[in-house]
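Each chain, written out:
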Amino acid sequence: MLKLLLFFLLITAAHAQKLPAAMHPDPQGALAVYRQNLALLRQEHTNQQELPDMKFFLFGMGNRTKLIYQKGRLMEAQTGHIVEQWRVQQALIVPSEYLVHLTLMDSTTVQIREDENGVWIHQPGKSPQLVKGTRNRLNLPTFADKKYGPVLRVLHHEVLINIIAGKPVPNFLVYSRPWFRDAALMGMVMQQTNNLHLIKDWIMKIRDPFDRNNRGISEADNLGQVLFLVSLVSDQKHPAVKMVLDSVKRFGKPLLPSVTDTIAVRPIAQSSTAPHLPDKIYLSGKTDYAEHPVFQTKWIKYGLKSLGLPDPYTIPTVYDSYSALFWWDYTDQHVPGKPFNESSGRNYPYLTWAEDHFNSRTGTLVRRGMVGSVDYPLSWEQQASEANYAGMTILDKNLMKQKLSFPHTWHAAEMFLLLIE
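Rules and cut-offs
Counting restarts for each chain: residues are numbered from 1 in the order of the written sequence. At least 70 in pLDDT is required for a residue's local features to be given in this predicted model, at least 80 for side-chain atom pairs to be given and counted, and no such filter applies to totals for whole chains, interfaces and linings, which use all residues. Note: side-chain values were computed over all heavy atoms of the structure, leaving out hydrogens and water. Here a strand pair is declared whenever DSSP counts at least two bridges between the two strands. Working definition: helices are DSSP H or I runs of at least four residues, strands are E runs of at least two. Numbering for both runs from the N terminus. As a rule, the C-alpha atoms of each element are fitted with a line to give its axis, helices using only the stretch in contact, and angles between N-to-C directions run from 0 to 180 degrees. Two rings belonging to Phe, Tyr or Trp (six-membered ring only in the last case) form a pair when the distance between their centres is within 6.5 Å. Interplanar angles under 30 degrees mark stacking, angles over 60 mark edge-to-face geometry, and anything in between is tilted. Each residue's exposure class comes from its accessible area (1.4 Å probe, protein chains only) as a fraction of the maximum for that residue type: buried when under 20%, exposed when over 50%, partly exposed otherwise. Working definition: roughly parallel below 35 degrees, roughly antiparallel above 145 degrees, roughly perpendicular at 65 to 115 degrees, and oblique for all remaining angles. In a left-handed crossing the near helix is turned counterclockwise from the far helix by less than a right angle, and in a right-handed crossing that turn is clockwise. Any two residues whose heavy atoms approach within 4.5 Å at even a single point are treated as in contact. How sure the predictor is of each residue is captured by pLDDT, a score from 0 to 100.

Peer 1: Got a minute to help me understand the sheet that holds strand 5 (residues 82-85) in this structure?
Peer 2: For sheets, the rule is that strands pair by backbone hydrogen bonds, running either parallel or antiparallel. Here we have four strands laid out as an open sheet, ordered 2-3-4-5, and antiparallel in their pairing. At either end of the open sheet lies a strand with only one pairing partner, and these are strand 2 (56-59) and strand 5. Along the sheet, successive strands turn relative to each other by an average axial angle of 15°, direction set aside. Pairing geometry for strand 2 and strand 3 (residues 67-70), over four bridges, is antiparallel. Within the sheet, the bridge partner assigned to L58 lies in strand 3 and is I68.

Given below as structure tokens:
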């Protein structure tokens, strides 16, 4: 009898997991709570950026069909195909509930809502309708115990919405390929929220240790990022590990103290007649078209440590503007210098949010990271050299002229990882 009861409870629980969330009973109240939380964030992070209020919402987190709600239409984001459309009297977008609540011209209501099982269209008196291509399991914590819980919900959404066909991209409308740097920060978020299964297959298929997204350049920081990504779902036997270890050799340079106690730089001799490798080696190559030896060396060290591999590298004691982007380890190995300027903070807000995180971990409370002026989205990027802004015209053609894309995963991830602490 007890076994029969346990079997019944298990079947009931499994069935319950497949049920969609019911219509939200109080969208106005939920939106008020979210806006209060957002107001608190803006009080504490006072640098703000004016963004165009497009009155839209994206559905289709993880490996689901990407959908846009805007102006009474629910359409597929990549094809423009209209899934449903309504004559709308009022639309209430509640980002923290992944919800659009519509009051139609005949005063009936419709809710479009995304949950852990899919995207659903709810209408009173009817069974919820699952939108085709959106049944895919993911985890959506409420973060109810966190100070910025509703904001964290939105930032988490802005990370997961940019996974497309298993690939983590900065913004799926303007970037077609993953960037290892952005993907690594996305991976940190997904590790915390138990969603790594969404990108596991992509990580397992990595063979080239460089994404080559900046005009084909092999960027040195990619090497450590690939090792870290591998560590999230695999081990030292992953084929990319050997490729990283083979590729990293060409970026190694010796630390040579000069008479002025600064670091003199010269390439490691590659000939077989070289007596021995230097005792201290660091990495130096291109990242975003510039040398960032501290950032690059921190990444390779962290990647090696993540997989339990030997680490022969020493972080050079030199100023590197990207050093503060690496806030989760080696924070005591940093030479202070000029922070990112206001223009960089506006166009690439992930830079100043990462810098704020670094400062918070080293005992300096600085809040320069930008917060947008709209309810949604909370993250963005502007004037990026490799983005195809034509993809934003599905929302508004002016976004292409402004070279503005949103949401953006690196920015959303940096905000999430700082605010969740």
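Peer 1: Got a minute to help me understand the packing of aromatic side chains in this structure?
Peer 2: In this description, a pair of aromatic rings is defined by centroid distance and the angle of the planes. Scanning the entire structure with this criterion turns up 22 aromatic pairs. When the ring of F326 is compared with that of W328, the centres are 4.2 Å apart and the planes differ by 35°; the resulting orientation is tilted. For the pair F326 and W328, one class covers both residues: buried. Chaining the aromatic ring pairs together yields one cluster made of F228, W299, Y302, F326, W327, W328 and Y330.

Peer 1: Whenever I open this one, unusual backbone geometry confuses me. Can you help?
Peer 2: It is generally the case that most residues other than glycine have a negative phi and that most peptide bonds are trans. Cis geometry marks the peptide bond from Y376 to P377; its omega dihedral reads -5°. Relative to the helices and strands, P377 is located in the loop between strand 19 (371-372) and strand 20 (381-382). Going from F406 to P407, the amide bond is cis rather than trans, its omega being -5°. Tracing the backbone through its elements, the reader meets P407 in the loop between strand 21 (404-405) and helix 12 (409-419). A positive phi angle, close to 55°, is found at K71, a residue other than glycine. Assignment of secondary structure puts K71 in the loop between strand 3 and strand 4 (73-76). Given a relative accessible area of 73%, K71 falls into the exposed group. Backbone geometry at R212 places phi at a positive 55°, although glycine is not the residue there. Accessibility expressed as a relative area gives 34% for R212, which makes it partly exposed.

Peer 1: Looking at this structure, how should I read the packing of helix 4 (residues 180-192) against helix 6 (residues 221-233)?
Peer 2: When two helices pack together, their arrangement is given by the angle between the helix axes and by the axis-to-axis distance. Put simply, helix 4 and helix 6 touch, their axes get as near as 9 Å, and they point 30° apart. Considering the angle they form, helix 4 stands roughly parallel to helix 6. Considering how the two elements wind past one another, helix 4 and helix 6 form a crossing that is left-handed. Here F180, R181, A183, A184, G187, M188 and Q191 of helix 4 lie close against helix 6, whose contacting residues are D221, N222, Q225, V226, F228, L229 and L232.

Peer 1: Help me understand the confidence of the model for the protein chain in this model?
Peer 2: Detailed conclusions should not be drawn from predicted coordinates in areas where pLDDT is low. Residues at a pLDDT of 70 or more form 90% of the protein chain, whose mean pLDDT is 91. Across residues 1-17, where pLDDT falls below 50, the model places two contacts with residues more than four positions away in sequence or in other chains. Across residues 258-277, where pLDDT falls below 50, the model places 22 contacts with residues more than four positions away in sequence or in other chains.

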